[in-house]
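Below, each chain spelled out in residue letters.
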Amino acid sequence: MLLIAIAFAAFCATLAGGLFALRLKDKLHLVLGFSAGAVIGVAFFDLLPEALELGGKYQTTKALLSWAALGFLIYLVLDRIVFYLGRPPENQDGEIARTPLHGTLGAGSLSGHSFLDGIAIGFAFQVSQAVGAVVTIAVLAHDFSDGINTMNVVLKSGGNRRQALRWLFVDALAPGAGIVSTFFVMLPDRFLGIVLAIFFGFFLYIGASDFIPESHHAHPKFLTTAMTLIGAAVIYLAVTLAGR
């Protein structure tokens, strides 16, 4: 019953973040700036430390960082493949327009991370109630940002409102699905660090190569930079207060 309540809370937090981003679409550059900081913050303050801590029992730090680099490069290659297959036209400024396929790739990655969040919660409660509570606090703290990021990555890539809401719903359901999966399937401990390292690479690419350039395009640099720093700080404080 407790895990069901947690899954519902994660669902609500993600939806709230996505609807917040949709309502403030006129100030999307500021939201994108915050999202950039949040995504990079999750990567550096949550995913990478967890990957090193959990994977350090089975792999060297060098090996885990190599998996992280591989994740970054895999996402880069997939992004380029989608870019060319989509054959995006040029806009009025002669720049190449991104396609909804880019949004699908980004939202799918974000939803995959949310699914892993649910797995982390489920496995943590298998260890103890105390560990489960700490992990849950950290996950709920950035689920709101996950909703913002999912909505933004679809809309800024040319997706429409319906597509963005559809992916937001998928992302909101992902933590609950991850929790449920732990009732039937258990990921071997030796692979968990590798998976987290790969997702670190994904998030680093999304934040550094996607959100940051887009948030700074034709907008005041000070405000967007400030929002990026705030986004990273919020995740840092959430993870630190949660004890992760």
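In case you missed it, the structure is sitting above this.
Keep in mind the model is a prediction, meaning the values are calculated, not measured. Residue numbering note: each chain is counted from 1, following its sequence as written. The predicted nature of this model means local features are confined to residues of pLDDT at least 70 and side-chain atom pairs, given and counted, to a pLDDT of 80 or more, with totals for whole chains, interfaces and linings taken over all residues. The basis for the side-chain values is all heavy atoms of the structure; hydrogens and waters are excluded.

Chemist: Before we go on, may I ask you to explain the overall build of the protein in this structure?
Modeler: A run of H or I in DSSP becomes a helix once it reaches four residues, and a run of E becomes a strand once it reaches two; helices and strands are each numbered from the N terminus. Looking only at helices and strands, the protein features eight helices and zero strands. Written out in order from the N terminus, the α and β elements of the protein read α-α-α-α-α-α-α-α. Partly exposed describes any residue whose relative accessible area lies between the buried limit of under 20% and the exposed limit of over 50%, with all areas from a 1.4 Å probe on protein chains only and scaled to the type maximum. Counting only residues that meet the buried cut, the protein has 48% of its 244 residues in that class. Residue contacts follow a heavy-atom distance rule, with two residues in contact if any of their heavy atoms lie within 4.5 Å. Partitioning the intrachain contacts of the protein with sequence separation of at least 6 by distance along the chain shows that 82% fall at a separation of at least 24. If you sum the accessible surface of the protein, you get close to 11,900 Å²; carbon and sulfur atoms cover 70% of it. Note on areas: Shrake-Rupley with a 1.4 Å probe; residue coverage comes only from the protein chains shown.

Chemist: Would you mind showing me how to read the packing of aromatic side chains here?
Modeler: Within a pair of aromatic rings, the relevant descriptors are the distance that separates the centres and the angle that separates the planes. Ring geometry is summarised as follows: Phe, Tyr and Trp rings, the Trp one being its six-membered ring, pair when their centres sit within 6.5 Å, and such pairs are stacked at plane angles under 30 degrees, edge-to-face over 60 and tilted between the two. Tallied over the entire structure, the rule returns seven aromatic pairs. Taking the centre distance of 5.2 Å and the plane angle of 80° together, the rings of Phe44 and Phe200 count as edge-to-face. Of this pair, Phe44 sits in helix α2 (residues 28-55) while Phe200 sits in helix α7 (residues 189-216), and the two are 156 residues apart along the sequence. A relative accessible area of 39% places Phe44 in the partly exposed class. For the pair Phe72 and Tyr205, a centre-to-centre distance of 5.3 Å together with 70° between the ring planes defines the contact as edge-to-face. Of this pair, Phe72 sits in helix α3 (residues 61-86) while Tyr205 sits in helix α7, and the two are 133 residues apart along the sequence. On the basis of relative accessibility, which here comes to 24%, the residue Phe72 falls in the partly exposed class. Classification of Tyr205 by relative accessible area gives buried; the value is 4%.

Chemist: Looking at this model, I keep getting lost on helix α8 (residues 221-241). Mind explaining?
Modeler: Think of an α-helix as 3.6 residues a turn; residues three or four steps apart then line up on the same face. Here a helix's expected span is defined as the number of its residues, less one, multiplied by 1.5 Å. Over its 21 residues, α8 extends 30 Å from the first C-alpha to the last, a length consistent with the 30 Å expected when each residue adds 1.5 Å. Every buried residue of α8 is listed here: Thr224, Thr228, Gly231, Ala232, Ile235, Ala238 and Val239. Across the axial projection of α8, the buried residues extend over an arc of 130°, all falling on one side. In α8, the exposed positions angled more than 90 degrees off the buried face are occupied by Phe222, Leu229 and Leu241. When we speak of the arc, we mean the arc of directions from the helix axis to the C-beta atoms.

Chemist: Hey, could you run me through the environment of Asp117 in this one?
Modeler: As for its position among the elements, Asp117 is in helix α4 (residues 100-127). Distance in space between the C-alpha atoms of Asp117 and Ala177 is 9.8 Å, their sequence separation being 60 residues.

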